[in-house]
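Given next are the chains, with one letter for each unit.
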Amino acid sequence: MMNRKRENRGTMRTHRDGEAGQALVELALTMTLILIPLLIGAAEFARAAYAYIEVSNAARAAVAYGAQTHATALDSAGMLTAARNDYAFDPTKLTLVTSSYVCSCSDTGLSASCTSGTACSGAHLELTLTVQTTATFDPGFYEPFLSRSFTINGIAVQKVLQ
């Protein structure tokens, strides 16, 4: 009788004893070190974008208040109150930088004197109000290469009702 060698097919060992989960642990540690900073960065970017939207919306609220009449177009305190009421973050960090208006003729679009009622003969005098708001944004996580606070500006333009 011949001696035959027994073959073990498909049972080759690819790891040593005690190293069964090493690759999984390495993957978990590596992904933790990569994914957590990426998720934090994405969240901070989203917060900054939301803050920009809020500052822009506050400028729109201020210009909407100011565009009601000629009297409210001159009321900077009322426009600031309207902007702060619309701002979702800390209202004390929101300021009204400028509120200015320009008069122009409705037919030509050329600048005209706001005090003269006869500046636009045969046309209406249009008053356009511009409001600029600004706020400081403080990120939740500080990076050594970034500033600890950012200034965000919002601007809105609207014609004043006659």
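For the structure, see preceding data.
Residues numbered from 1 in each chain as written. Predicted model: local features only at pLDDT ≥ 70, side-chain atom pairs only at ≥ 80, totals over all residues. Heavy atoms only, no water.

Bridge analysis of strand 1 (residues 94-105) against strand 2 (residues 125-137) gives 11 bridges, and the strand direction is antiparallel. Residue pairing for strand 2: Thr95 is matched across the bridge by Thr134. The sheet contact formed by strand 2 and strand 3 (residues 150-159) spans 10 bridges and is antiparallel. Bridge pairing links Thr133 to Gly154 in strand 3. (Pairing = 2+ DSSP bridges. Helix = DSSP H or I, 4+ residues; strand = E, 2+ residues; numbered from the N terminus.)

Another aspect to go through is the layout of surface pockets. Roughly 340 Å³ of volume is contained in the largest pocket. What lines the largest pocket is a set of 14 residues, among which Gly41, Glu44, Phe141, Glu143 and Leu146 lie closest to the centre. When its residues are assigned to classes, the lining of the largest pocket shows 10 nonpolar, 2 polar and 2 charged. (1 Å grid on protein atoms, 1.4 Å probe; cavity = no way out; pocket = protein on both sides within 12 Å on 5 of 7 lines; lining within 4 Å. Points joined across faces, edges and corners; volume = space filled by probe spheres on them. Nonpolar A, V, L, I, M, F, W, Y, C, P; charged D, E, K, R; others polar.)

Our next topic: the packing of aromatic side chains. Applying the stated criterion to the full structure yields 2 aromatic pairs. Ring geometry for Tyr50 against Phe89: centres 5.5 Å apart, planes inclined by 80°, an arrangement best described as edge-to-face. Here Tyr50, found in helix 1 (residues 22-66), pairs with Phe89, found in the loop between helix 3 (76-86) and strand 1; they are 39 residues apart in sequence, far enough to count as distant. A residue is classified by how much of its surface remains accessible, and Phe89, at 30% relative accessible area, is partly exposed. Judged by centre distance (5.7 Å) and plane angle (65°), the rings of Tyr87 and Phe89 are edge-to-face. The class for Tyr87 is buried, based on a relative accessible area of 7%. (Phe/Tyr/Trp six-rings, centres within 6.5 Å; stacked < 30°, edge-to-face > 60°. Buried < 20%, exposed > 50% of the residue type's maximum accessible area, 1.4 Å probe, protein only.)

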